[in-house]
Amino acid sequence: MKHTVAVLAGDGIGPEVVAAATGILQRVRPDIDCVEGIAGGAALERSGDALPPETLALCKRSAAVLFGSVGLPQYDGKPLKERPEYALFVLRRDFELFANIRPVRVFDGLEAASSLKPELVRGLDLVVVRELTGGIYFGLPKEQRRVDGVDEAIDTMIYRAPEVERIARVGFELARARRGRLTSVDKQNILETSRLWRRVVSGIASEYPDVTLDHLLVDNAAMQLVRRPGDFDVIVTENMFGDILSDEAAILTGSIGTLPSASLGTRETETGRFGLYEPIGGTAPDIAGRGIANPTAAILSAAMLLRHSFNDEDGAARIEIAVETAYAQGARTADVAAGGPALSTAQFTGVVATLL
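Reading the values: rules and limits
Residues numbered from 1 in each chain as written. Predicted model: local features only at pLDDT ≥ 70, side-chain atom pairs only at ≥ 80, totals over all residues. Heavy atoms only, no water. Helix = DSSP H or I, 4+ residues; strand = E, 2+ residues; numbered from the N terminus. Rg over C-alpha atoms; globule rule 2.2 N^0.38 Å. Buried < 20%, exposed > 50% of the residue type's maximum accessible area, 1.4 Å probe, protein only. Contact = heavy atoms within 4.5 Å. Pairing = 2+ DSSP bridges. Axes fitted to C-alpha atoms, helices over the stretch in contact; angles between N-to-C directions. Phe/Tyr/Trp six-rings, centres within 6.5 Å; stacked < 30°, edge-to-face > 60°. Lys NZ or Arg CZ within 6 Å of the ring centre and 35° of its normal. Expected span 1.5 Å × (residues − 1). Polar contact = N/O pair within 3.5 Å; in protein donor to acceptor, adjacent residues only side chain to side chain. Parallel < 35°, antiparallel > 145°, perpendicular 65-115°, else oblique. Left-handed = near helix turned anticlockwise from the far one by under 90°.

1. Points about the overall build of the protein
Move 1: A count of helices and strands for the protein gives 12 helices and 12 strands.
Move 2: By the compact-globule yardstick of 21 Å for 356 residues, the protein fits well, its C-alpha radius of gyration being 20 Å.
Move 3: Considered along the principal axes of its C-alpha atoms, the protein spans approximately 60 × 50 × 45 Å.
Move 4: The buried share of the protein, reckoned over its 356 residues, is 53%.
Move 5: A sequence separation of at least 24 residues applies to 75% of the contacts in the protein between residues at least 6 apart.

2. Observations regarding the pairing of strand β5 (residues 125–131)
Move 1: When you tally the buried positions in β5, you get six out of seven residues, the bulk of the element.
Move 2: Note that strand β4 (residues 99–105) and β5 share seven bridges and pair antiparallel. Counted as the bridge partner of Ile101 is Val129 from β5.
Move 3: Two elements, β5 and strand β10 (residues 234–237), share four bridges in a ladder whose sense is parallel. In the sheet register, Val128 faces β10, and the bridge partner there is Ile235.

3. Considering the sheet that holds strand β3 (residues 64–69)
Move 1: Taken in spatial order, the 10 strands of this open sheet run β2-β1-β3-β12-β11-β4-β5-β10-β8-β9, and their pairing is mixed. Here the strands that pair on one side only, and so sit at the sheet edges, are β2 (32–37) and β9 (212–217). The mean angle between the axes of side-by-side strands here comes to 20°, regardless of whether they run parallel or antiparallel.
Move 2: As paired strands, β4 and strand β11 (residues 260–268) are joined by three bridges and run antiparallel to one another. Residue Ile101 lies in a different strand from β11, and its bridge partner there is Ala262.
Move 3: Its contacts with the sheet place helix α1 (residues 14–28) against β1 (3–10), β2, β3 and β12 (273–279), and it is angled at close to 145° to β3.

4. Things to note about the packing of aromatic side chains
The description of two aromatic rings rests on the distance between their centres and on the angle between their planes.
Move 1: This model, assessed by the stated rule, comprises seven aromatic pairs.
Move 2: The interplanar angle of 15° and the centroid separation of 5.7 Å between the aromatic rings of Phe89 and Phe138 together place this pair among those described as stacked. Taken as a pair, Phe89 in helix α4 (residues 86–94) and Phe138 in the loop between β5 and β6 (139–147) lie far apart in primary sequence, 49 residues in all.
Move 3: Here Tyr159 and Trp197 contribute two aromatic rings whose centre-to-centre distance is 5.7 Å and whose plane-to-plane angle is 75°, an arrangement assigned as edge-to-face. Of this pair, Tyr159 sits in the loop between β7 (150–156) and α6 (161–177) while Trp197 is found in helix α7 (residues 192–204), placing the two residues 38 residues apart along the sequence.
Move 4: Tyr159 sits in the buried class, given a relative accessible area of 7%.
Move 5: Under the relative-accessibility criterion, Trp197 is labelled buried at 2%.
Move 6: Ring pairing ties together the aromatic residues Tyr86, Phe89 and Phe138, which thus form one cluster.
Move 7: Lying over the aromatic face of Phe98, Arg166 brings its terminal NZ or CZ to 4.2 Å of the ring centre.
Move 8: Of note, Arg267 hangs over the ring of Phe274, and the distance from its end group to the ring centre comes to 4.6 Å.

5. Some points on α6
Move 1: Over its 17 residues, α6 runs 24 Å from end to end, which matches the ideal 24 Å to within 8%, given 1.5 Å per residue.
Move 2: Within α6, burial applies to Glu163, Val164, Ile167, Ala168, Val170, Gly171, Phe172, Leu174 and Ala175.

6. Here's the deal with the side chain of Thr133
Move 1: Assignment of secondary structure puts Thr133 in the loop between β5 and β6.
Move 2: Under the relative-accessibility criterion, Thr133 is labelled buried at 16%.
Move 3: A polar side-chain atom of Thr133 sits 3.2 Å from a polar atom in the side chain of Glu131.
Move 4: Apart from residues lying up to four places away in sequence, Thr133 is in contact with Arg92, Glu96, Leu97, Phe98, Phe138, Arg166 and Asn239.

7. Some points on unusual backbone geometry
Move 1: Note the cis peptide between Leu140 and Pro141, where omega equals 5°.
Move 2: Among the structural elements, Pro141 can be located in strand β6.
Move 3: Not every positive phi belongs to a glycine, and Glu96 is a case in point at roughly 50°.
Move 4: Looking at where Glu96 falls in the secondary structure, it is placed in the loop between α4 and β4.
Move 5: Positive phi values are uncommon outside glycine, yet Ala338 reaches one of about 50°.

8. Here we look at the packing of α1 against helix α10 (residues 296–309)
Move 1: Interhelical geometry of α1 versus α10 gives an angle of 40° and a closest axis separation of 8 Å. Overall, the two elements α1 and α10 adopt an arrangement that is oblique. Pair α1 / α10 crosses with right-handed handedness. Contacts between α1 and α10 pair Val17, Val18, Ala20, Ala21, Ile24, Leu25 and Val28 from the former with Ala298, Ile299, Ala302 and Leu306 from the latter.

9. Let's talk about the pairing of β6
Move 1: As defined by bridge partners, β6 adjoins β7 across six bridges and the pair is classed as antiparallel. Counted as the bridge partner of Arg145 is Glu152 from β7.
Move 2: Counted between consecutive antiparallel strands, the loop separating β6 from β7 contains two residues, among which Asp148 sits at a positive phi close to 55°.

What follows is the structure, encoded as structure tokens:
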């Protein structure tokens, strides 16, 4: 029986890197039916809707979503519902994709691509777990207004204990399966939401005696990520802090073109947990259509899809080992070639495919 994965390539380099990832995914799992849907800027141009009803329906009947990227300069400044990014907002909201998982890894041979000293990032392997559906990005009221003749704006940060607990458990489970260390990041010296966060996370730590828990204030965490990145295993934090820290952690590798992500929800399918999987590099419209984008992040996102939405650890590992081997053998795309010979998107994907 074939299981469906919704493929939403999106804008910019999205179609190029998602095509690479889809090819690798189907080479490893030919029983998966990859069905394309339209989203983002292309969907806005065609229908005026960043996520048309038929695309949402496709996602609802699928085991997972393999996503590219959305966002184009011509939509900057428009209301959210009129921007390509609204597609991602709707998917996160409607499927309650509360857990964003971002692995950050420096492959052997790519240490020099980082802006940090090679010895600081050599062997770097950490994961940032970001709560994705709560906090200041979703709290109400959220508005701009005029009061007594003065313009003002308000955003609301709110968390409820069950929201904190469920994301904390994702962090603990990941740490348990890795090196057994979880760092919870908050701002409990200032924010009431962070005091609740720390209390809840500390309260469930006793259920994971094999995991060492420590707490860091967000400003200290930002500093330590560049000072001693290798000391981290799994980081768990709230939405806004995670947004910032995951991007900071990503740049430690020297190229966001190598970094995948998974956004997981509460929905279970017959194959595993429903999730949305995407490279974090964005649309990169300046290189779109040139065939030079690094497909690594999209390919590794497909590996995460197999691990979490199909419970296929062997298939995920095959893809990850093939990518690792490709870099070890000297394969490079332009973003990590340091001026040396560079492969095209298709050429790099071909190397990975031969190593599966």
